[in-house]
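# An overview of the molecular structure
So you can see what is in the structure, the chains are spelled out below.
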Amino acid sequence: MERVSHMKRILIVGGGTAGWIAALYLNRIVRRIGCEVVLVESAEIGTIGVGEATIPTLVHLVRILGLNEQELMRRCSATYKLGIHFEGWMGDGQDYWHPFGGSGMAGGIDLYHFWLKRKKDRDDCGHYSDYAVQTSLAERLCGPTEDVLRNGGYAYHLDANAFAQYLKELSIAEGVRHLFGTVGEVTLSETGDLKAIDIGGDRRIEADLFIDATGFSGLLIEKVLGDPWIDWSNHLLCDRAVAMPLPPDEAKVPYTRSIASPAGWIWRIPLNSRTGTGYVYSSAHIQDDAAAEHLISVSDLSKRRAADPRFIKMRIGRRTEFWKRNCVSIGLASGFLEPLESTGIHIIQKAVLLLADHLPKSRIDPPLRASFNEAMGRLYREIRDFIILHYVVSKRDEPFWRDARSVPLPEPLAAFLSLYDVCGLMNTKSLDLFPEASYHYILAGSGRFPERPIAPADVINIAAVGEALAQRRAQVSQGASGARKHDSMMTQVHGQFI
């Protein structure tokens, strides 16, 4: 039998953001070799679609895909996001920022170490996040400046369902074959690989590579191929969410709000057409009805609710093998971590871009699959540990928060904190997604400081440290001066919302 020189068909099962990002990006690559991309989704099964906040890597993807940002924002009711404001995580009235930008360098050393030296010596240097221009812009309710836009130091709040629809239209226009159907019998090859899927109506589709975008059900990767789920609920206690969109706020703040609550936290996300809000909580610490009542009680009920509360069960963990045999899982089929740092879409796009780099030609070489699985596992571990960190350094005193602080620390996070606690050093080899500054914002914002700065910063005269900090503050002030109000920018993008 003549050996096939390349793949003939990639079959994506499931739509939503995961399926359509994969369809659009992979089709642009494989259509050059005559490989067809087919996406099958069920008309009856909806998507979760509550993810509304993103991180700056999506801006990078938008630019890779050559999308028109203004059109995307209009289509997806999007607003700008400059960071996250954590409210009450250290106790009522105790807030801190995680801005999407660095604080700068001094003498080739991250400014954090000079700030730490000054704080330990005089404590007159303000909050560490004050040295990021995004914090200054957010506090002034301004949108990104030209410099921030050019450097990609921002993200979006967007309607996830509208985003998926936008990607769908682009994908179909570029030749992706779209079918509606419900997966029935799945045929395996003699070697145990996926061979074909029956989607009803006497339709049977064969493919060389299958992508499972079927959400938590993991229809192909788990139910057919039996890949085990790795449960991380012992590390992250929140396993439920109740979402309740509200009408749009008059002032659309350019940041996500994360509001600490008795059994978890509440998100507030300003889209142009609505305000996304929801309560992520632990079912071991609060009942569903009580969680919904709490969410309603802290929401602005002077406005009419846009919808009734919607409950979501969250399965915390990841796949053992994200790519098993000839099936690659993406999105919720590959794993799920609570959306504290808005990483859901990033995990999807990382998997798609990584798969593009590892695409097989005519057979699936084990080294490709192993490399993909190792990289995705590393990403999930990093995000898991970063989320756990927020709870470990929190200071609220309700039972949930005490329990969340007391979870067993994964070994990489325990080692990471042990090193940091000495002199603020970080093992940057383990950081693929969040930069060193992100960890400093969370740790400094919570008041967890190392014993001392690193030696090169510690031996510098305190007056020189003050000059370096003052210079950075001047840069931040200059960078934020003349910035446009976020509301004004959104009016220009969307027009006056009625």
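Described below are features of the structure shown in this document. Nothing here was measured: the structure is a model prediction, and the numbers come from that model.

## Considerations on the overall build of the protein chain
- Helices and strands together make up the secondary structure of the protein chain, namely 16 helices and 23 strands.
- Computed over its C-alpha atoms, the radius of gyration of the protein chain comes to 24 Å, within 12% of the 23 Å expected for a compact globule of 498 residues.
- The dimensions of the protein chain, computed from C-alpha atoms along their principal axes, are 75 × 50 × 45 Å.
- Counting all 498 residues of the protein chain, 55% fall into the buried class.
- Considering only intrachain contacts with a sequence separation of at least 6, the fraction spanning at least 24 residues in the protein chain is 77%.
- Approximately 20600 Å² of the protein chain is accessible, and the part contributed by carbon and sulfur atoms is 50%.
- For the protein chain, the centre of its 56 positive side-chain charges and the centre of its 59 negative side-chain charges are spaced 3 Å apart.

## Considering the environment of Lys324
- Counting through the fold element by element, Lys324 comes out in strand E21 (residues 323–324).
- By relative accessible area, which is 18% here, Lys324 ends up buried.
- Distance from Lys324 to Ala260, taken between C-alpha atoms, is 39 Å for residues 64 residues apart in sequence.
- There is a polar contact of 3.3 Å between the side chain of Lys324 and the side chain of Glu321.

## Concerning the sheet that holds strand E13 (residues 209–212)
- On the basis of which strands lie adjacent, the open sheet formed by six strands has the order E9-E2-E1-E13-E22-E21 and mixed pairing. Looking at the sheet topology across the chains shown, the edges are occupied by strand E9 (177–180) and E21.
- The pairing of strand E1 (residues 9–13) with E13 spans four bridges and is classified as parallel. Bridging from a neighbouring strand, Leu11 pairs with Phe210 of E13.

## What to know about the sheet that holds strand E14 (residues 229–231)
- Pairing is antiparallel across the open sheet formed by three strands, whose spatial order is E14-E20-E23. Here the strands that pair on one side only, and so sit at the sheet edges, are E14 and strand E23 (335–336).
- Pairing geometry for E14 and strand E20 (residues 317–319), over three bridges, is antiparallel. Looking at the pairing, Trp229 lines up with Arg319 of E20.

## Looking at the environment of Pro366
- The topology assignment puts Pro366 in helix H10 (residues 366–392).
- The spatial distance from the C-alpha of Pro366 to the C-alpha of Arg325 is 8.9 Å, given a sequence separation of 41 residues.

## Overview of the pattern of salt bridges
- With the rule as written, the count across this model stands at 31 salt bridges.
- Measuring nitrogen to oxygen at the nearest pair gives 2.7 Å for the salt bridge that ties Asp123 to Lys119.
- For Arg204, the salt bridge goes to Glu206, with nearest N and O atoms at 3.0 Å.
- Take Glu206: its relative accessible area is 36%, and that puts it in the partly exposed class.

## A few points about helix H12 (residues 411–423)
- Of the positions making up H12, those classed as buried are Leu413, Phe416, Leu417, Tyr420 and Cys423. Down the axis, H12 shows its buried residues gathered within 150 degrees of arc, on one side only.
- Lining the buried residues of H12 we find helix H4 (111–121), H10 and helix H13 (436–446).

## Here we look at the state of the cysteines
- By the definition in use, this model includes zero disulfides.
- Counting only cysteine sulfurs, Cys327 is the nearest neighbor of Cys35, a cysteine outside any disulfide, at a range of 16 Å.
- Accessibility expressed as a relative area gives 4% for Cys35, which makes it buried.
- The structure places no disulfide on Cys423, whose sulfur is separated from the nearest cysteine sulfur, that of Cys125, by 18 Å.

Cut-offs applied
Residues numbered from 1 in each chain as written. Predicted model: local features only at pLDDT ≥ 70, side-chain atom pairs only at ≥ 80, totals over all residues. Heavy atoms only, no water. Helix = DSSP H or I, 4+ residues; strand = E, 2+ residues; numbered from the N terminus. Rg over C-alpha atoms; globule rule 2.2 N^0.38 Å. Buried < 20%, exposed > 50% of the residue type's maximum accessible area, 1.4 Å probe, protein only. Contact = heavy atoms within 4.5 Å. Areas by Shrake-Rupley, 256 points an atom, 1.4 Å probe, with all protein chains shown as cover. Lys, Arg positive; Asp, Glu negative; His and termini not counted. Charge placed at Lys NZ, Arg CZ, Asp CG, Glu CD. Polar contact = N/O pair within 3.5 Å; in protein donor to acceptor, adjacent residues only side chain to side chain. Pairing = 2+ DSSP bridges. Salt bridge = Lys/Arg side-chain N within 4 Å of Asp/Glu carboxyl O. Arc of directions from axis to C-beta. Disulfide = S-S within 2.5 Å.

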